[in-house]
Structure formats: C-alpha cells, structure tokens
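# Coordinates in review
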Amino acid sequence: MTVQSTNRTDNLAAAADPEAAVSVPPPGTPQAPPPAGLLRFPLLRSSRFRLAVRRLLTAIPVVWGVTFLGFTVLNLLPGDAAQALLGADATPQEVAKLSHQLHLDQPFFTRYWNWLTSALSGHLGNSLGSGQQVTAILVQRLPVTFELLLYAFIVSLLIAIPVATFAARKPGGIFDSITTFIALVGLSVAPYILALLLILFFAVDLSLFPALGWTPISGGLGSNLRSLTLPALSLGFPIGCFYTRLLRADVLEQLDEDYVVTAHAKGLPGWRVLLRHATPNSMFGLITVVALNAGTFLGGTVIVEQIFGLPGIGEELFQAIQTRDSPVLEGIVVVFAVLVVVIGLLADLLYAALDPRIRYDNPGQ
Amino acid sequence: MTIPVSEAAVAAIPAATASRARGRLRQTLALYVPTGLLAAIIVACFLYPLVGNVPPPVGGSVLDAGLPAGTAGHPFGTDTSGNDIFSRLLYGGRVSLEVGAATQVIGMILGGLIGMIAGYSRGLLAAVLMRVLDTLIAFPALVLALAIAEGLGPGELHVIWALSFFSVPAFARLARAATLRLRDQNFMLAAALSGTPRWRIVAFHLAPNLLPQQLTFALLGAGVAIIQEGALSFLSLGVPPPGASWGNMIASGMQTMSVRPSLVLLPCLALLITVAALNLLGDALRARWSAR
C-alpha cells in the first residue's frame, strides 16, 4: 500500500509536471522570498499560500510577455488603424493626420511604454475606432463569454464524469465500447461543425432553440439559457468527449489500486467503490488537462460566438483585429492571459486541497 | 494433499487465449483501419484528380449551378456557382492535408529542438526559453493565428505560418517534459561520461527516444491543425474563394443551409472523417508504443 501510494504521488507529480516546472524556477534565477518577519503568521507559512504567491510571481513575466507579444504582432501587421478607419481611398495626408491624432506615429517602444504604464494604473486606454473605454467594452462583453464558457464547461463535465465512470465499470462491455467510439468521433468534431449541425437539426428542422442571437438574463433566465444552449453544446460536447476518454483511463487505473481491493474486501457494494472511491481519486488528471486546455477553450468561444451571433468578446476580438484596434486587442489578450494563469493556479490549489499529501515545497527545503 | 483445480479454471485457458487473440485482432484493426482510411483520403485528394475524370474545382458556369446529386459527371451535384462539389471536396482536402502535415513538420522540428534544448541545458538559456514558451502558451493562440492570417492576407502558406504558432510551443513543451525524464537516465549519463559531444547526445541519444511520442502527437496535432485551418477559412482568412477548401465550402454553404444542407454536410463530413482517422491512428500508435 505504501509503495502504491508513493507511486501514485509520483504519477501525480509527473502529470502535473509542466505546471510544477512552471512554478519552480531553476536554481540560480533570482526569486523573491517572503520577508522573514511575516513568517510568524500561520497563513503566510502554509505551503498553499506560498504556492499561490510563487505562482503569481512567476505569472507576472508571462503576462507581461503576452502583452508585449500582442503589441509586437499587431505592430508587425501591414496597414494600421488609421488606414483601416479611413478606408482604402483615404489620401496619405488624411492617414498621416489621423495617425498623429491617435499617436500612431510615435516609435514602437514609446507607444508600448505609454500603454503599459497606463495599464498598470488600471486604465487600458480607449478604442481607436469607437473611442469607448476598453475597460467599458470588456465589462460589457465579458459576461456573455463567461456565461457561455461556464455553461459549456458544465456540459462537458456532465458528459465526462457519468459516462467515464460507467464505462470504466465494465471495460470492454457494450456501454464502454459504444461510448469509447462516440467519444473518439466526438472529439474529432470541430465546434463550428457541431454548431452548424445543431443549428440545422434543432433550430431549422425542429425550431426548438433559436439559431441566432442572445437574450440577456433580464429577459428571463429560461430564454437566456435557451439562447445559449446550442452554443454551449457545440463548445462543450467535443471537449467533454476528450475529458471522457481521459477520465475513463484514469478511473480504470484507480480500480487496480490496493485501496479498491480493500474496499471490495470490506464488502462495499461495487457502485459505492466506484462512485465514492475510484472516481474522486481520478480527478487529478482531469484537473490538469482542464487547466492546460483553458486557452484552447477560450479560443473556441471566438468562432462559436461568430456563428451564433452572440455579443461576446469573440466578436469584439474579430473586429479589433480587422481594424488594427490595438488597445482593444491588448485588453482582450490580457484578460485571456490572466484567465489562463488564474485557472492554472486554481488547478494547483485544487490538487493540494484534494490530496493533502501533495506538497509544493522545493525539494531540499 | 491435492490442490483442487476447478474445471472452470481449466476451461478458462482456451477462453483466455481466444479473448487474447480477439484483443490482438482488435489492436491490428485499430491500426490498419485508420491507416487505410487515411491512405484512401490522400490518394483520392492528390492522385485521383490526376488520373480520374474530375472537372476543375473552379470556373464553373452559372448555367450549371445547383445541380442535384447524381447528375451525369457531377456525383455530388454542383454548388451555387456551378462548380462540381466532388471536385471541390478533393481539392479542398489537398489544402487540409497539406496544412496539417506542414504545421506538424514545422512544429516537430522547431518545437522539438527548442524543447530538447530547454530540457537538456541547465542555466540561463533554459530559463529564458522556458519563459518564452510559457508566454507563447499563455498567449491565446487563436488571436495570434487570426492576427497573422489577417495581416499576411488570405492564402494557404500564410495559414501554415499562422498555425505553426500553435504547433511549435506544443511540441516544445512535450519534448521538454520528455527530455527532463530522460536526462538523468543511465544511458544518457554513460554517453556524457564517455565524452560524447553534447550535440551528438541530443541528436543521436535523445532525439530517437522522443520520436515515437512526437510522431503520435503529430498525428493528433494534424487533426487539430486541419480543424483550425477550417476555422480560418470559415472566417474567410484561409484559402480565398473561389479556391476550394473545406472551411470556405462550409462557410459558403451556410448561406443556403436550410435549402440545401448537403452543401454544408459534405465538407463537414469530409473534415470529420479525416480528423477522426488521424485521431484513431494516433491513438492506436500510442497504445502500441506505450505497451512496449
């Protein structure tokens, strides 16, 4: 049993490796240790808190790098916002004048520095096109995207957890064979293809759900959810299939462990062993993958929002790229990057919460 | 004292052999069915238009627009511009397969190299590489792909560059994790102790050990790249019409979806089958190589 459990911890460490490697800078890189005087507070001494702080500290250069990369990419693109705003037949004088007004004629690093300093004080600038504050745009658009993400995530878990658990009950059985096949095909479906199929079937043929548009929560929770159901399904089903395959393998692995044999030997009914012992212990791999896939998941909303005409961040992003609206684009990129970092951090904290044996202290401490 | 041998146990032996044989058959099928499917798709897209009687995918006459499936010379009918749908499916498949293959080759070579260096070298270089990789991974890749595709203008080659920003960091992360696992194993230490130059260790001791994992990952990644190419074409940032691509076929078919769903369904199906075949093959290879 001891051997088994050490193995399991090793596996976990290996599974969490990319994340763990992110959190532990190689020896030699400077790292800000918490001041010794504060260590007398128990909370500040707890390994979880230290982990959170360390992860947040290492996230700073990553988020900074993302903003710089975003600025660079947008700067390297041919054409600029002034040209895009004025259209193709604007005279060079007009373009130059507008460029000057928008400070686009300043050198690259000056513009980046100005943006960065104001961003650090919480002001993300104004949209070059509409003049609206970027933060206002984000506040207006993000709730739709977040609701869609959350809904899709719940859909994917509602598919993955029950299906994987029951498939693992009898590996090779009928249910397992069918769901394994469906999951493999399902994870090959692109969200936009599924979206079109769902529209074709549920909206055009059956008229069960609206094909386009979005009803705000103020228009009633029911119709709000109805307008988001098809988008959430098209986003959540493929990723749910992916999670299913992963979780099924993990549950099967857990069922080989000694504690499962012990539980059976004690006379616990099989379903109880499965639901209360094996499945909860299989969640670690899923958490890792959810965190690693967060970026892809976010990216997937862009196209799904386009298809269903949802007024989320995806539509704004698409416009911002076409009009070279760098403040808006930067704002979106920062939000996405921060989200990915926060989700990664949450995953690490969840490991520690689920398994008290996991310690994120540096070896040798 | 004799040990009681139940008859069931004896009877179970041939049953077990049979089930093992069935398992082996299943494994073989899992490998050869997707391989055959992929080979068929590749032959159909690249060779069949050269030998078969396939009309050109573009330049159809409006007089032929909207012919139903089964019309002479047009097995799947024609689209709203009068182009043969079957031919567009084949030529669109070329784009998808080329993009899938190219992004993975670029990712495997460039990303593999970066990952091996980041995993094998210790010190500043590894730290800097890791931060760059972290940044690339945290950066919403679709934003990058959209921006690059928009900036460079539509076109197959530009899609390949844009999508390589997905594949390179993914391969690099994979190669780095594998390198970290292998770095301190005995055969690596033995090579280092016997004075093998570092580049030789990386090229001839490390890289061959990473190859199986990278190849299976490339198959799965090709599926993702094909889906992304479809997405970019769908957003009219990929292959510009009238050129054929599954993505832009889906996008243009969407306009007449309620009247002629087959214009959307056929390219969707082609994309789904191709990606599923890639996933199945990657899966079978992984099962085979991890069992070893």
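Residues numbered from 1 in each chain as written. Chains lettered and ligands numbered in written order. Predicted model: local features only at pLDDT ≥ 70, side-chain atom pairs only at ≥ 80, totals over all residues.

### A short note on the overall build of chain B
When helices and strands are counted, chain B shows 9 helices and 0 strands. Scanning chain B from its N terminus toward the C terminus, one meets helices and strands in the order α-α-α-α-α-α-α-α-α. For 292 residues, the compact-globule estimate of 2.2 N^0.38 gives 19 Å, and the C-alpha radius of gyration of chain B, at 25 Å, exceeds that figure by more than 25%. For the C-alpha atoms alone, the extent of chain B along its principal axes is close to 85 × 65 × 35 Å. Per-residue burial over chain B gives 45% buried out of 292 residues. Of the contacts made within chain B by residues no fewer than 6 positions apart, 67% connect residues no fewer than 24 positions apart. (Helix = DSSP H or I, 4+ residues; strand = E, 2+ residues; numbered from the N terminus. Rg over C-alpha atoms; globule rule 2.2 N^0.38 Å. Buried ≥ 20, exposed ≤ 12 C-beta atoms within 10 Å, placed from the backbone. Contact = placed C-beta atoms within 7 Å.)

### Some words on the overall build of chain A
Within chain A, the secondary structure is distributed over 17 helices and 0 strands. Relative to its full complement of 365 residues, chain A shows a buried share of 35%. In chain A, the share of contacts with a sequence separation of at least 24, taken over all contacts with a separation of at least 6, comes to 73%.

### Here's the deal with the environment of A:Ser156
Residue and element names in this part refer to chain A. Relative to the assigned elements, Ser156 resides in helix H8 (residues 134-169). Along the chain, Ser156 and Phe237 lie 81 residues apart, while their C-alpha atoms are 5.8 Å from each other. Ignoring anything within four residues of it in the chain, the contact list for Ser156 reads Gly236, Ile239, Gly240 and Tyr243.

### Examining the interface of chain A and chain B
Listed by partner, the interface residues are 43 residues for chain A and 39 residues for chain B. Secondary-structure elements contributing two or more residues to the side of chain A that touches chain B are helix H2 (17-23), helix H4 (47-76), helix H9 (174-186), helix H10 (191-205), helix H15 (294-308), helix H16 (313-322) and helix H17 (326-354) of chain A. It is H4(A) that provides the largest number of residues to the side of chain A that touches chain B, a total of 8 residues. Looking at side-chain class alone, the side of chain A that touches chain B contains 34 nonpolar, 8 polar and 1 charged residues. (Nonpolar A, V, L, I, M, F, W, Y, C, P; charged D, E, K, R; others polar.)

### Looking at the packing of H8(A) against helix H11 (residues 221-255) of chain A
Relative placement of two packed helices is described by the angle separating their axes and the distance separating the axes. Contact pair H8(A) / H11(A): the axes reach a minimum separation of 6 Å and the direction vectors enclose 35 degrees. Between H8(A) and H11(A) lies a crossing whose hand is right-handed. (Axes fitted to C-alpha atoms, helices over the stretch in contact; angles between N-to-C directions. Left-handed = near helix turned anticlockwise from the far one by under 90°.)

Structural measurements only, silent on function.
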